Amino acid sequence: MFTSERGVVEEWLSEYKTLPETSLPNYATNLKDKSSLVSSLYKVIQEPQSELLEPVCHQLFEFYRSGEEQLLRFTLQFLPELIWCYLAVSASRNVHSSGCIEALLLGVYNLEIVDKQGHSKVLSFTIPSLSKPSVYHEPSSIGSMALTESALSQHGLSKVVYSGPHPQREMLTAQNRFEVLTFLLLCYNAALTYMPSVSLQSLCQICSRICVCGYPRQHVRKYKGVSSRIPVSSGFMVQMLTGIYFALYNGEWDLAQKALDDIIYRAQLELYPEPLLVANAIKASLPHGAMKSNKEGTRCIQVEITPTSSRISRNAVTSMSIRGHRWKRHEQPDNNNDTTELGILVIPEISITNVSGERTGNGEKGRTLGEIDAQHMQGVQETATDPRAESKGLPEIRRQKSVRKMMEDGINSPGRVQF
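Scoring rules and cut-offs
- Along each chain, residues carry numbers from 1 onward, in the same order as the chain's sequence is written.
- The predicted nature of this model means local features are confined to residues of pLDDT at least 70 and side-chain atom pairs, given and counted, to a pLDDT of 80 or more, with totals for whole chains, interfaces and linings taken over all residues.
- Note: side-chain values were computed over all heavy atoms of the structure, leaving out hydrogens and water.
- Helix and strand definitions here come from DSSP, where helices need a minimum of 4 consecutive H or I residues and strands a minimum of 2 consecutive E residues; each element is numbered from the N-terminal end.
- Working definition: with a 1.4 Å probe on protein chains only, accessible area under 20% of the residue-type maximum means buried, over 50% means exposed, and in between means partly exposed.
- For the area figures, the Shrake-Rupley method with a 1.4 Å probe applies, and any residue is considered shielded solely by the protein chains shown.
- Salt bridge, as used here, is a side-chain nitrogen of Lys or Arg placed within 4 Å of a carboxyl oxygen of Asp or Glu.
- To get an axis, fit a line to the C-alpha atoms, keeping to the stretch in contact for a helix; angles then go from 0 to 180 degrees between the N-to-C directions.
- Take the far helix as your reference; a near helix turned counterclockwise from it by less than a right angle gives a left-handed crossing, and one turned clockwise gives a right-handed crossing.
- The contact criterion used is simple: two residues touch if any of their non-hydrogen atoms lie within 4.5 Å.
- Three residue categories are used. Nonpolar comprises Ala, Val, Leu, Ile, Met, Phe, Trp, Tyr, Cys and Pro, charged comprises Asp, Glu, Lys and Arg, and polar comprises the others, including Gly.
- Patches draw on residues past 30% relative accessible area with no salt bridge. Two like charges within 9 Å are joined, as are two nonpolar side chains (Val, Leu, Ile, Met, Phe, Trp, Tyr) within 5 Å.
- Classification of ring pairs uses Phe, Tyr and Trp, with its six-membered ring standing for Trp, and accepts pairs whose centres are within 6.5 Å; under 30 degrees between planes counts as stacked, over 60 as edge-to-face, and the remaining range as tilted.
- As used in this structure description, the phrase polar contact means that two N or O atoms lie within 3.5 Å; if the pair is within protein, one of them must be able to donate a hydrogen and the other to accept it, and residues adjacent in sequence are counted only when both atoms belong to side chains.
- Grouping buried Ala, Val, Leu, Ile, Met, Phe, Trp, Tyr and Cys residues that are joined through side-chain atoms within 4.5 Å yields what is termed a nonpolar core.
- The length a helix should cover is 1.5 Å for every residue beyond the first.
- Angles are sorted into four bins: roughly parallel if under 35 degrees, roughly antiparallel if over 145, roughly perpendicular if 65 to 115, and oblique for all others.

Asker: With reference to specific residues and values, describe the overall build of the protein.
Answerer: Of regular secondary structure, the protein possesses 19 helices and four strands. Counting across all 419 residues of the protein, residues that qualify as buried make up 35%. Total accessible area computed for the protein in this model is approximately 26,500 Å², and 52% of it derives from carbon and sulfur atoms.

Asker: Break down the pattern of salt bridges for me, with residues and values.
Answerer: Here the structure, examined in full by the defined rule, presents twelve salt bridges. Between Glu 112 and Lys 121 there is a salt bridge whose closest N-O contact spans 3.8 Å. Judged by its relative accessible area of 30%, Lys 121 is partly exposed.

Asker: Residues and numbers for the packing of helix 14 (residues 253-270) against helix 15 (residues 273-285), please.
Answerer: When two helices pack together, their arrangement is captured by the angle between the axes and the distance separating the axes. The interhelical angle for the contact between helix 14 and helix 15, taken along N-to-C directions, is 150°, at an axis separation of 9 Å. Crossing of helix 14 over helix 15 shows left-handed handedness. Contact residues: helix 14 offers Leu 260, Asp 261, Ile 264, Ala 267 and Gln 268, while helix 15 offers Pro 275, Leu 276, Ala 279, Asn 280, Ile 282 and Lys 283. Taken together, the residues of the contact of helix 14 with helix 15 break down into seven nonpolar, two polar and two charged.

Asker: Could you give an account of a nonpolar patch on the surface, with specific residues and numbers?
Answerer: Taken together, the side chains of Val 122, Val 160 and Tyr 162 define a hydrophobic patch exposed on the protein surface, amounting to about 290 Å² of accessible area. Val 160 sits in the partly exposed class, given a relative accessible area of 32%.

Asker: Tell me what's going on with the packing of aromatic side chains, and back it up with residues and numbers.
Answerer: All told, the structure shown has twelve aromatic pairs when counted by the stated rule. For the pair Tyr 27 and Phe 63, a centre-to-centre distance of 6.4 Å together with 75° between the ring planes defines the contact as edge-to-face. Pair noted here: Tyr 27 is in helix 2 (residues 24-31) and Phe 63 is in helix 4 (residues 53-64), with a separation of 36 residues, a long-range link. Judged by relative accessible area, which is 0%, Phe 63 ranks as buried. On the numbers, 4.9 Å between centres and 55° between planes, the contact of Tyr 42 with Phe 78 is tilted. Placement of Tyr 42 in helix 3 (residues 35-45) and of Phe 78 in the loop between helix 5 (69-76) and helix 6 (79-91) is noted, with a sequence separation of 36 residues between them. Here Tyr 42 matches Phe 78 in class, with each residue buried.

Asker: For the environment of Leu 192, give the residues involved together with the corresponding values.
Answerer: Among the structural elements, Leu 192 can be located in the loop between helix 10 (177-190) and helix 11 (197-212). Overall, the relative accessible area of 5% leaves Leu 192 in the buried class. Taking C-alpha positions, Leu 192 is 7.6 Å from Phe 246, a pair spaced 54 residues apart along the chain. Not counting the four nearest positions on each side in its chain, Leu 192 is found in contact with Leu 200, Thr 242, Gly 243 and Phe 246.

Asker: Give a detailed account of the environment of Glu 179, specifying residues and quantitative values.
Answerer: In this structure, Glu 179 sits in helix 10. In this structure Glu 179 comes out as partly exposed when scored by relative accessible area, which is 34%. Along the primary structure Glu 179 and Gly 235 are separated by 56 residues, whereas in three dimensions their C-alpha atoms are 8.5 Å apart. Residues within four places of Glu 179 in sequence aside, it is in contact with Tyr 109, His 166, Pro 167 and Arg 169.

Asker: Outline the side chain of Asn 250, listing residues and values.
Answerer: The residue Asn 250 is located in the loop between helix 13 (234-248) and helix 14 in this model. With a relative accessible area of 12%, Asn 250 lands in the buried category. At 2.5 Å, the side chain of Asn 250 and the backbone oxygen of Phe 246 are in polar contact.

Asker: Which residues make up the nonpolar core, and what are the values?
Answerer: Counting residues in each nonpolar core, the largest one holds 91 residues, and the members touching the most others are Trp 12 and Phe 74. Among all residues touching Phe 74, those that are not within four sequence positions of it are Trp 12, Leu 31, Leu 37, Val 38, Leu 41, Leu 60 and Phe 63.

Asker: So what's going on with unusual backbone geometry? Residues and values would help.
Answerer: As a rule of thumb, non-glycine residues mostly have phi less than zero, and peptide bonds are mostly trans rather than cis. Although it is not a glycine, Lys 222 adopts a positive phi angle of roughly 60°. Residue placement: Lys 222 occurs in the loop between helix 12 (217-221) and helix 13. Among the residues examined, Lys 222 registers a relative accessible area of 69% and is labelled exposed. Its identity is not glycine, yet Leu 271 carries a phi of approximately 55°, on the positive side.

Asker: I'd love a proper account of helix 10, names of residues and values included.
Answerer: If you check helix 10, its first and last C-alpha atoms are 20 Å apart, about what 14 residues at 1.5 Å a residue would give, namely 20 Å. Among all positions of helix 10, only Arg 177, Phe 178, Val 180, Leu 181, Thr 182, Phe 183, Leu 184, Leu 185, Cys 187, Tyr 188 and Asn 189 are buried. On its buried face, helix 10 sits against helix 5, helix 6, helix 7 (99-112), strand 1 (123-127), helix 11 and helix 13.

Asker: An account of the packing of helix 6 against helix 10 is requested, with residue identities and associated values reported.
Answerer: Following both chains from N to C, one finds helix 6 and helix 10 inclined at 165°, their axes separated by 10 Å at the closest point. Considering the angle they form, helix 6 stands roughly antiparallel to helix 10. In the packing of helix 6 onto helix 10, the handedness of the crossing is left-handed. Contacts between helix 6 and helix 10 involve Leu 79, Pro 80, Ile 83, Tyr 86, Leu 87 and Ser 90 from the first element and Arg 177, Phe 178, Leu 181, Leu 184, Leu 185 and Tyr 188 from the second. Here the contact of helix 6 with helix 10 is composed, by residue class, of ten nonpolar, one polar and one charged.

Asker: I'd love a proper account of the side chain of Ser 202, names of residues and values included.
Answerer: For Ser 202, the position within the fold is in helix 11. Residue class for Ser 202 comes out buried when judged on its relative accessible area of 5%. The residues touching Ser 202, leaving out its near neighbours within four places in the chain, are Tyr 42, Pro 80 and Glu 81.

Keep in mind that these numbers describe shape and distance, not what the molecule does.
Structural data, given as structure tokens:
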């Protein structure tokens, strides 16, 4: 560690101790922009024998319990590196050199499992149902779902999974180690959107190292330092995959894809079904072409959503539409300007009072083939008249008046054919 980096860390340690409480929010806002301080703190954490490690861990814990949101996130960004250092030291059986890191991890864990009043937290997660639409799927695109008696009884019910209450821990042991670390990764994943790129890079790197250390792939990755195998749990690997999935689409494509392959490699060796299912689902959803890293902004996961449409089409033929269309045509007056140009006339044959003609009855206009109603195109024929109209004799009266008027006037309206 260089002298300049050591000076930056020592200045940071002394500055916070003399800081008044009123200027704490302003200090927390400006702290995330100090990239030189963040890189120096990473180097301190990566050196277990450094004399600055203990005061740094103590101040990071003070940040976390201060109640200031920005200071809490500042501590969370170092969580992947802290977990890796603790697991690496534990694998080498040199537990005494990781006492301050273990104390920091335990302190964060014990603060997160209780609320502000000191009561144990119970986290709840609602599992989405495929029968209800979401931003990821439409039920109609999945296919027809058989409405059985059991399906109807469970329709609309949401399955809720609870996590907690978690017991407080005074020390990390082989039995509770991954229970604590899994919960800490869960807290880190809850604040993924606020994590800087250097933290996401650290997450991808430590996931790869945890999964391949002590296995033949370690020589392929050329990881040095720790050569013994690091035990992992199934739930811990699932939480690692959550962060990897976010890093894939937020500027760390290369590192995240390498970490994903290493997690699949370790899950296959351990025969863990949960991480294998999640990792293969993530891998199957990745785009075929490699995405270029984007450091300036985040990337979104593209989701195809089927457009919503009404249940009944606008052109659907129903008995009400046929009846309404017939009454509309009967009541529509003749319009001399409404003529058919360059079209084929449809002339029905009507026989009224022993008069055989080819006039267009009922006040209908000649229409081209393109203007024929959707009912005729779909093979729907008007075979019946409204019973109410038949009882009153209205269609017959209108037909006789229309023919009588044309014969008395002796005038042929445009659009009609005379013989």
